[in-house]
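# Structure assessment
Chain residues, written in single-letter form:
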There are 4 protein chains.
Amino acid sequence: MLRMAVLGCGRIGQMHAANVARHPRATLAGVYDLHAPSAAKVAEAQGVRAFASAEEVFASPQVDAVLIATATPTHADYIEMAVAAGKAVLCEKPIDLNLARVNACADRIKGTKLPIQLGFNRRYDPGHSAARKAMQAGEIGELHQVIITSRDPSLPPRAYLEAAGGLFRDMTIHDFDLARFMLGEEPTEVFALAGALIDPALGAELNEIDSAMVILRTGSGKQCHINNSRTAVYGYDQRVELMGSKGMLISDNRKPHELRRFTATRTEGAEPYQFFFLERYLEAFMAEIDGFVDCVEQGAQPLASFEDGRRALILAEAAYRSLAERRLVQVAEIA
Amino acid sequence: MLRMAVLGCGRIGQMHAANVARHPRATLAGVYDLHAPSAAKVAEAQGVRAFASAEEVFASPQVDAVLIATATPTHADYIEMAVAAGKAVLCEKPIDLNLARVNACADRIKGTKLPIQLGFNRRYDPGHSAARKAMQAGEIGELHQVIITSRDPSLPPRAYLEAAGGLFRDMTIHDFDLARFMLGEEPTEVFALAGALIDPALGAELNEIDSAMVILRTGSGKQCHINNSRTAVYGYDQRVELMGSKGMLISDNRKPHELRRFTATRTEGAEPYQFFFLERYLEAFMAEIDGFVDCVEQGAQPLASFEDGRRALILAEAAYRSLAERRLVQVAEIA
Amino acid sequence: MLRMAVLGCGRIGQMHAANVARHPRATLAGVYDLHAPSAAKVAEAQGVRAFASAEEVFASPQVDAVLIATATPTHADYIEMAVAAGKAVLCEKPIDLNLARVNACADRIKGTKLPIQLGFNRRYDPGHSAARKAMQAGEIGELHQVIITSRDPSLPPRAYLEAAGGLFRDMTIHDFDLARFMLGEEPTEVFALAGALIDPALGAELNEIDSAMVILRTGSGKQCHINNSRTAVYGYDQRVELMGSKGMLISDNRKPHELRRFTATRTEGAEPYQFFFLERYLEAFMAEIDGFVDCVEQGAQPLASFEDGRRALILAEAAYRSLAERRLVQVAEIA
Amino acid sequence: MLRMAVLGCGRIGQMHAANVARHPRATLAGVYDLHAPSAAKVAEAQGVRAFASAEEVFASPQVDAVLIATATPTHADYIEMAVAAGKAVLCEKPIDLNLARVNACADRIKGTKLPIQLGFNRRYDPGHSAARKAMQAGEIGELHQVIITSRDPSLPPRAYLEAAGGLFRDMTIHDFDLARFMLGEEPTEVFALAGALIDPALGAELNEIDSAMVILRTGSGKQCHINNSRTAVYGYDQRVELMGSKGMLISDNRKPHELRRFTATRTEGAEPYQFFFLERYLEAFMAEIDGFVDCVEQGAQPLASFEDGRRALILAEAAYRSLAERRLVQVAEIA
């Protein structure tokens with residue numbers, strides 16, 4: 001059994017703690033949160049200890065690995081501390097909002113044999129994953145185009161937006177990673193167009209965008225479109241379309257159940273895609289831990305690595321430059 | 001070009017006249033209706049002559065074939081007159097509401113080489129027809145069960161109900177025929193259960209039923225369920241399901257177009273199946289004429305024959321007996 | 001926390017033990033199985049004790065309630081012993097294959113205040129449950145017809161069939177219960193037709209059926225059709241259709257994920273419904289335990305009661321009589 | 001009855017001739033084709049006269065209006081000749097491949113009261129049209145994003161590609177028009193990225209592209225994505241998605257019929273979208289003529305005007321400039 005400690009007891013940390021606790025090959029060795037009462041609450045619910053500090057976690061011989069779900073600015077530091085302490089790492093995205101900091105972190109942990117896995121949960125989604133496997137099995141011939149639709153159900157709180165680091169670094173970063181995952185080669189060019197269509201006033205005030213369209217192209221010419229919105233009132237909209245020379249694959253949205261309504265005004269009406277990420281990607285979050293345990297116990301390579309986290313951030317930076325300069329940006333200009 | 005005259009200028013006769021008129025291998029030789037003004041109206045719209053009597057139609061050397069869409073009580077007489085006059089026949093269902101009359105008609109036209117085709121339009125529906133072809137191609141292995149859902153959008157006018165001859169002879173007769181078409185062998189046993197659930201008062205007054213469930217079994221044991229309702233407020237509901245040892249085929253409902261609506265309360269909402277038979281089976285009605293032209297010009301066997309019309313009526317009679325005697329009835333008891 | 005012991009460590013007992021173990025308001029107090037090694041295996045996996053006998057379970061002060069998942073012939077005895085010992089009961093269906101034994105059990109436990117819940121998991125399925133709620137909210141007006149499609153993915157092993165008690169008592173019993181749950185009133189008439197279409201030889205040898213069609217009618221005239229097959233090669237097929245005066249509701253099948261394939265030969269192709277009951281109804285099995293905890297802790301009435309189990313068995317008996325006598329059977333003839 | 005002559009008897013001209021011939025409010029006054037035998041063939045099939053020259057058509061007092069379906073280079077000339085002759089015009093797209101020629105034509109016909117309608121058939125598609133109506137009725141609140149998927153089933157013949165004028169002017173022009181139709185305001189910025197992914201060799205040889213992604217933005221900030229491919233092996237792929245503040249609308253693909261296949265390897269498999277434009281947009285082509293008759297007889301404004309044809313071409317030019325200069329292009333730079 002892999003003994004994992006969870007750092008950060010917010011919404012996503014609580015979910016991770018519960019997932020680790022019920023994982024057949026992992027045990028929850030304890031939790032930590034800067035805000036002690038939060039840690040205490042989760043510790044009690046799971047019947048595990050609450051660590052007094054992150055240092056205590058890294059120092060504990062009872063801990064084999066850490067799952068970092070704390071505030072973004074602490075991610076890089078904790079990754080470095082964990083590696084120094086010889087603990088395997090599963091870290092939530094993003095590594096950091098600042099590329100220089102990410103690169104510095106990369107240097108400091110260079111050469112470590114410890115598994116460091118990034119929390120790009122979508123790579124573990126059953127539907128997205130089955131689409132990739134079908135493509136790799138040749139079902140659609142040669143891949144030509146990828147279309148990613150990624151829309152949140154509603155605008156997050158203002159406080160969240162102020163700390164998130166911007167749409168491309170906070171939200172689109174998942175899509176940049178998914179694009180790389182599906183394209184199978186590095187995007188070399190990025191174009192981005194965006195605006196504040198949902199709440200123009202807030203957008204102007206925070207200089208933030210809430211709706212965006214991005215186009216990526218790889219070295220071999222493969223094309224990828226990403227469209228984002230912060231307000232899909234019909235629910236969390238997560239679709240991936242793979243278009244190839246011999247067919248197409250679509251990983252479509254998931255409903256809470258399969259009830260269909262037929263009335264005098266509408267037929268086949270289904271439930272809203274009410275899920276947000278905790279519900280929509282629940283199976284993916286579980287599979288993510290499963291994959292992590294494999295990495296630690298069998299030395300498998302993480303499906304989502306530290307470098308994947310760095311690459312996704314580079315694409316976000318390229319998107320911001322494209323937005324500012326209104327042109328197709330070479331990724332090489334950033335990296 | 002096959003010169004066809006249409007007898008009967010009601011709702012369905014008008015449609016047939018228009019379909020014949022625009023058919024590439026047929027021409028509308030004229031129309032007739034007991035109510036002269038109705039015939040005149042259609043004749044003018046199609047730019048053809050209006051015959052003064054059915055006799056005149058049968059006597060006309062300008063007419064190769066007749067499409068009978070008059071009131072049910074005239075069908076058998078007109079079929080006999082047409083055969084006597086050497087005209088090929090495409091006749092709307094049912095042949096007659098009285099089995100004895102149908103049998104007498106069968107005797108009188110016995111031995112004719114003239115094509116006599118029944119208006120079981122559903123046999124020509126692209127979806128139903130593709131399901132049957134797939135089954136015959138072995139896609140579902142051996143057929144075990146057939147489920148037919150057949151529901152009209154709303155209760156017909158009282159006058160219609162009084163003349164229609166009862167749900168099983170008027171409406172279910174299409175499903176009895178479709179069952180035989182799909183089962184590929186004769187049903188030998190029939191059970192029926194029915195009631196007036198939509199309008200109990202009217203049902204009691206006319207001694208008529210508006211909702212029914214029927215089960216058929218063939219000699220080899222294949223099972224078939226038919227469910228009927230006179231009031232599918234979401235539209236004309238026409239589904240056929242074929243369940244076999246290696247798979248299942250479903251010929252599902254057709255929508256006017258493929259718009260899907262996504263709101264905060266519903267997703268994937270489609271249009272009502274607003275079509276009634278004239279719209280839902282338009283392609284089938286066209287294909288029916290196509291098949292008829294093939295019969296006359298190339299001597300092909302009608303996909304829906306006079307005997308098919310007689311067999312469907314026998315099943316309706318068996319269903320009524322089952323309803324009265326609350327037991328599984330042998331079709332042989334009727335025929 | 002409700003302390004539950006699980007009796008029976010077969011496939012379904014193992015699932016129940018795991019579900020109880022991870023339930024937030026229940027704890028697994030231990031497990032028992034006639035075959036000690038099976039109990040030991042589950043006990044170790046869950047980190048709980050293995051009881052040496054059922055008697056020991058009922059005598060244990062550490063046990064508040066029992067979940068009975070042993071062989072059918074033991075159900076009635078264990079229910080009686082549990083009640084005598086003051087333990088709440090969640091019992092897998094059927095109570096017993098013999099109606100007289102069920103009635104005797106009913107007499108012996110008459111008047112108990114202890115919650116006794118039957119394992120009719122489908123009542124707890126999110127889709128089926130949402131359909132019922134929508135109907136009760138008046139979305140389809142007055143209910144007229146219920147169509148239940150219930151097909152297992154493949155024929156069970158011969159040994160299972162020999163002990164199962166027959167299709168109607170073993171498999172259709174779930175559909176009889178679901179029909180009662182949806183109809184909202186007692187079926188008063190039953191007609192059944194069945195045969196061995198999948199494996200006629202085995203059917204003849206065991207005098208067992210593998211394909212069936214049933215029709216039920218309630219006192220007020222509502223109609224219900226159930227169709228069963230033991231071999232839906234495309235996966236466990238579980239559909240419920242509610243047809244009413246103002247609309248229709250369909251609780252459709254659930255897929256493992258939402259990948260759609262588009263090729264030169266097929267479009268929109270989805271995954272097989274590979275789930276069998278453990279997968280298809282996983283959420284339902286969890287909700288079932290949730291409902292049971294509510295019954296014990298808050299005195300709620302079980303959504304599926306002992307009497308519901310008895311009623312379903314009566315319908316199975318009526319179906320067998322209809323099969324034998326080839327007629328519509330009054331439920332009152334059995335009860 | 002509106003007397004219409006059809007110029008051009010190629011694939012699309014033949015379809016238009018047949019549609020006009022069977023239109024209830026129009027008659028086919030005759031046909032013309034540079035290649036006399038082609039005209040003769042269609043004339044005979046429809047039972048109408050074949051004109052010896054375009055001049056003869058424009059001079060004929062038996063002709064009220066002309067439908068121009070000849071080779072693109074003749075469109076502008078024929079429009080001018082028709083206007084000079086006082087004939088109403090329904091002209092296939094594009095007006096011309098050269099913007100200067102289109103502008104010159106605009107000058108020459110300036111001020112005419114004659115209806116001049118462009119063949120942007122998609123505006124008349126029942127699904128696309130219903131989506132627009134629902135949006136205009138406020139069903140999705142304020143429009144934020146439009147996603148248009150437009151893919152042909154296969155690469156056209158080399159000869160076609162050599163004359164077509166390039167992907168953006170020949171194929172995407174329909175999508176540029178549809179984007180304007182749905183956005184409800186003029187796009188002011190265009191970005192395009194494209195390549196020859198299907199047949200790189202042919203692409204290099206003809207300097208042609210076969211796969212493209214375009215982004216448009218309107219003055220108020222609305223965003224639109226168009227993706228094109230010349231080889232959707234699963235059939236003609238035509239989807240329009242409208243994303244708004246209160247919901248989403250998707251006009252999805254149309255299948256030949258609604259058969260679904262369920263096997264051990266796939267469920268819900270539908271037919272390929274085998275239709276190309278003649279089949280997929282048949283209803284739209286009919287409605288297009290209907291709308292044209294309304295324009296001539298009731299003085300209605302064409303739903304697709306000459307100016308719409310000019311605007312779409314301007315967007316195509318802007319897309320080519322964006323492709324060459326790898327930047328976001330202002331539409332004002334072109335117009």
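The structure displayed is predicted, hence computed values, not measured ones.

Quick notes on the rules
For every chain, the first residue of the written sequence is number 1, and numbering continues from 1 along that sequence. In the order they appear in the text, chains get letters beginning with A and ligands get numbers beginning with 1. With pLDDT at 70 or above as the cut-off, local features in this predicted model cover only qualifying residues; side-chain atom pairs require 80 or more to be listed or tallied, and sums for whole chains, interfaces and linings still use all residues. Values shown for side chains rest on all heavy atoms present in the structure; no hydrogens or waters enter the calculation. Domain start and end points were adopted from an automatic or database domain assignment. We call two residues in contact when some of their heavy atoms are within 4.5 Å. Buried area: the accessible surface (1.4 Å probe) lost by two parts on joining, summed over both. We define a salt bridge as a side-chain nitrogen of Lys or Arg found within 4 Å of a carboxyl oxygen belonging to Asp or Glu. Distance and chemistry together define a polar contact, namely a pair of N or O atoms within 3.5 Å, with one atom able to donate a hydrogen and the other to accept it when in protein, and with adjacent residues in sequence counting only for side-chain atoms on both sides. Numbering of helices and strands runs from the N terminus, with a helix taken as a DSSP run of H or I at least four residues long and a strand as a DSSP run of E at least two residues long. Each residue gets one label: Ala, Val, Leu, Ile, Met, Phe, Trp, Tyr, Cys and Pro are nonpolar, Asp, Glu, Lys and Arg are charged, and the others, such as Gly, are polar. Least squares is the method for superposing the copies, and the C-alpha atoms it fits come from residues with pLDDT of at least 70 in both. Take the buried Ala, Val, Leu, Ile, Met, Phe, Trp, Tyr and Cys residues and link them wherever side-chain atoms come within 4.5 Å; each set so joined is a nonpolar core. Partly exposed residues are those whose accessible area sits between 20% and 50% of the maximum for their type, while under 20% is buried and over 50% is exposed, using a 1.4 Å probe and protein chains only. DSSP calls a pair of strands paired once it identifies at least 2 bridges connecting them. Under this scheme, a helix contributes an axis fitted over its contacting stretch, all axes are lines through C-alpha atoms, and angles between N-to-C directions fall in the 0 to 180 degree range. Note on aromatic contacts: the rings of Phe and Tyr and the six-membered ring of Trp form a pair at centre separations within 6.5 Å, being stacked when their planes are under 30 degrees apart, edge-to-face when over 60 apart, and tilted otherwise. Between 65 and 115 degrees an angle is taken as roughly perpendicular, under 35 as roughly parallel, over 145 as roughly antiparallel, and anywhere else as oblique. The crossing is said to be left-handed when, going from far helix to near helix, the turn is anticlockwise and less than a right angle, and right-handed when the turn is clockwise.

## Topic: the domain arrangement of chain A
Residue and element names in this part refer to chain A. Each assigned domain of chain A is listed with its residue range as follows: domain 1 (2-114) and domain 2 (125-280 + 311-334). Computed over C-alpha atoms, the centres of domain 1 and domain 2 are 28 Å apart. Counting residues at the interface gives 10 residues for domain 1 and 14 residues for domain 2. Approximately 910 Å² of surface area, both sides summed, lies buried where domain 1 meets domain 2, with 75% of it carried by carbon and sulfur atoms. It is Lys93, Leu97 and Leu99 that lose the most area in domain 1 upon contact with domain 2, and together they represent 59% of the buried surface on that side. Inspection of the domain 1/domain 2 interface yields 1 salt bridge. The shortest N-O distance in the salt bridge between Asp170 and Lys93 comes to 3.9 Å. At the boundary of domain 1 and domain 2, one finds 1 residue pair in polar contact (both at pLDDT 80 or more). Of all the elements in the fold, those that place two or more residues in the side of domain 1 that touches domain 2 are helix H1 (11-21) and helix H5 (99-109). Broken down by element, the residue count for the side of domain 1 that touches domain 2 peaks at 3 residues, all from H1. Its residues placed into classes, the side of domain 1 that touches domain 2 shows 6 nonpolar, 1 polar and 3 charged.

## Some words on the relation of the copies chain A and chain D
Rotating chain A by 180° and translating it 0.0 Å along the rotation axis places it on chain D, where the RMSD comes to 0.0 Å. What we have between these two chains is a two-fold relation. Identified as the residue of chain A closest to the rotation axis by C-alpha distance is Arg327 of chain A, at 2.0 Å.

## Here's the deal with the nonpolar core
Residues and elements named next belong to chain A. One finds Val66, Ile79, Phe168, Phe176, Leu242 and Phe306 to be the most contacted residues of the largest nonpolar core, which totals 71 residues. For this core, the leading source of residues is helix H13 (residues 306-325), giving 9 residues. A domain split of this core shows at least three residues from each of domain 1 (2-114) and domain 2 (125-280 + 311-334).

## Here's the deal with the sheet that holds strand S3 (residues 65-68) of chain B
Residues and elements named next belong to chain B. With parallel pairing, the 5 strands of this open sheet are ordered in space as S2-S1-S3-S4-S5. Each end of this open sheet is capped by a strand with a single partner; those strands are strand S2 (26-32) and strand S5 (116-118). For this sheet, the mean angle separating the axes of adjacent strands, direction not counted, is 20°. Sheet analysis places strand S1 (residues 2-7) next to S3, joined by 4 bridges and oriented parallel. Across the sheet, residue Ala5 finds its bridge partner in S3, namely Val66. Lying on the sheet, helix H1 (residues 11-21) is in contact with S1, S2 and S3; it crosses S2 at an angle near 150°.

## Quick word on the interface of chain A and chain D
The figure often quoted for interface size is the accessible area lost as the parts come together. Contacts between the two partners involve 46 residues from chain A and, on the opposite side, 46 residues from chain D. Carbon and sulfur atoms make up 60% of the surface buried where chain A meets chain D, a total of about 3,500 Å² over both sides. Contact with chain D buries area across many residues of chain A, yet Leu197, Met213 and Arg326 of chain A alone supply 19% of it, more than any other trio. Between the two partners, chain A and chain D, sit 6 salt bridges. A salt bridge links Arg239 of chain A to Glu241 of chain D; the nearest nitrogen and oxygen atoms lie 3.1 Å apart. Our count for the chain A to chain D interface comes out at 18 residue pairs in polar contact (both at pLDDT 80 or more). For the side of chain A that touches chain D, the class distribution of residues is 19 nonpolar, 16 polar and 11 charged.

## Looking at the side chain of Arg310 of chain A
Residues and elements named next belong to chain A. Following the sequence through the fold, Arg310 ends up in helix H13. On the accessibility criterion, Arg310 (16% relative accessible area) is buried. At a separation of 2.9 Å, a polar atom in the side chain of Arg310 contacts the side chain of Glu307. Residues in contact with Arg310, not counting those within four places in the same chain, are Ile95, Leu99, Val102 and Asn103.

## Description of the pattern of salt bridges
Enumeration over the complete set of coordinates arrives at 156 salt bridges over all chains. Notably, a salt bridge pairs Arg25 of chain A with Asp290 of chain A, separated by 3.4 Å at the nearest N-O pair. Here Asp290 of chain A lies in helix H12 (residues 282-298) and Arg25 of chain A lies in the loop between H1 and strand S2 (26-32), a separation of 265 residues in the sequence. Taking relative accessible area as the criterion, Arg25 of chain A reaches 24% and is therefore assigned partly exposed. Ionic pairing is found between Arg49 of chain D and Glu56 of chain D, a salt bridge with its closest N-O pair at 2.8 Å. Of the residues examined, Arg49 of chain D reaches a relative accessible area of 37% and is grouped as partly exposed. The partly exposed category is assigned to Glu56 of chain D, whose relative accessible area is 29%. A single network of salt bridges, built from pairs that share partners, joins Arg123, Asp177, Arg180, Glu186 and Asp308 of chain A.

## Comments concerning the packing of aromatic side chains
On inspection of all chains with the given rule, the structure shows 40 aromatic pairs over all chains. Plain terms: the ring middles of Phe262 of chain C and Tyr234 of chain D are 5.8 Å apart, the flat faces sit at 65° to each other, and that makes the pair edge-to-face. In this pair, Phe262 of chain C is assigned in strand S12 (residues 259-262) and Tyr234 of chain D in the loop between strand S9 (223-229) and strand S10 (237-244), connecting two distinct chains. The pair formed by Phe262 of chain C and Tyr234 of chain D is uniform in burial state, with each residue classed as buried. Chaining the aromatic ring pairs together yields one cluster made of Tyr236, Phe276, Phe277, Tyr281 and Phe285 of chain C.

## Considering the sheet that holds strand S3 (residues 65-68) of chain A
All names here are of chain A. Strands sit in the order S2-S1-S3-S4-S5 across an open sheet of 5 strands; the sheet is parallel. Because the sheet does not close on itself, it has two edges, and the strands there are S2 and strand S5 (116-118). If you compare each strand with its neighbour and ignore which way they point, the axes differ by 20° on average. The sheet contact formed by strand S4 (residues 88-91) and S5 spans 3 bridges and is parallel. In the strand pairing of S5, Val89 is matched with Ile116.

## Notes on helix H6 (residues 126-136) of chain A
Since the α-helix turns once every 3.6 residues, residues separated by three or four places project in the same direction. Restricting attention to buried positions, one finds in H6 of chain A the residues Gly127, His128, Ser129, Ala130, Ala131, Ala134 and Met135 of chain A. For H6 of chain A, the elements touching its buried residues are strand S6 (143-151), helix H9 (172-183), strand S10 (237-244), strand S11 (247-251) and helix H11 (277-280) of chain A together with S12 of chain C. The residue sitting at the N-terminus of H6 of chain A and contributing the capping side-chain oxygen is Asp125 of chain A; that oxygen lies 3.1 Å from the backbone nitrogen of Gly127 of chain A. Just past H6 of chain A, the residue Gly138 of chain A takes up positive phi, approximately 90°.

## A closer look at unusual backbone geometry
Across the junction of Lys93 of chain B and Pro94 of chain B, the peptide omega takes the value -10°, indicating a cis bond. In this structure, Pro94 of chain B sits in the loop between strand S4 (88-91) and helix H5 (99-109). Although it is not a glycine, Glu268 of chain A sits at a positive phi angle of roughly 60°. Structurally, the position occupied by Glu268 of chain A is in the loop between strand S12 (259-262) and H11. On the accessibility criterion, Glu268 of chain A (12% relative accessible area) is buried.

## Observations concerning the packing of H5 of chain A against H13 of chain A
Residues and elements named next belong to chain A. Two elements in contact, H5 and H13, have axes whose closest approach is 10 Å; the angle formed by their N-to-C orientations is 160°. Classified by the angle between their axes, H5 and H13 sit roughly antiparallel to one another. Pair H5 / H13 crosses with left-handed handedness. Contact with H5, carried on its side by Leu99, Val102, Asn103, Cys105, Ala106 and Ile109, involves Phe306, Arg310, Leu313 and Ile314 of H13 and no other residues of that element. Taken together, the residues of the contact of H5 with H13 break down into 8 nonpolar, 1 polar and 1 charged.

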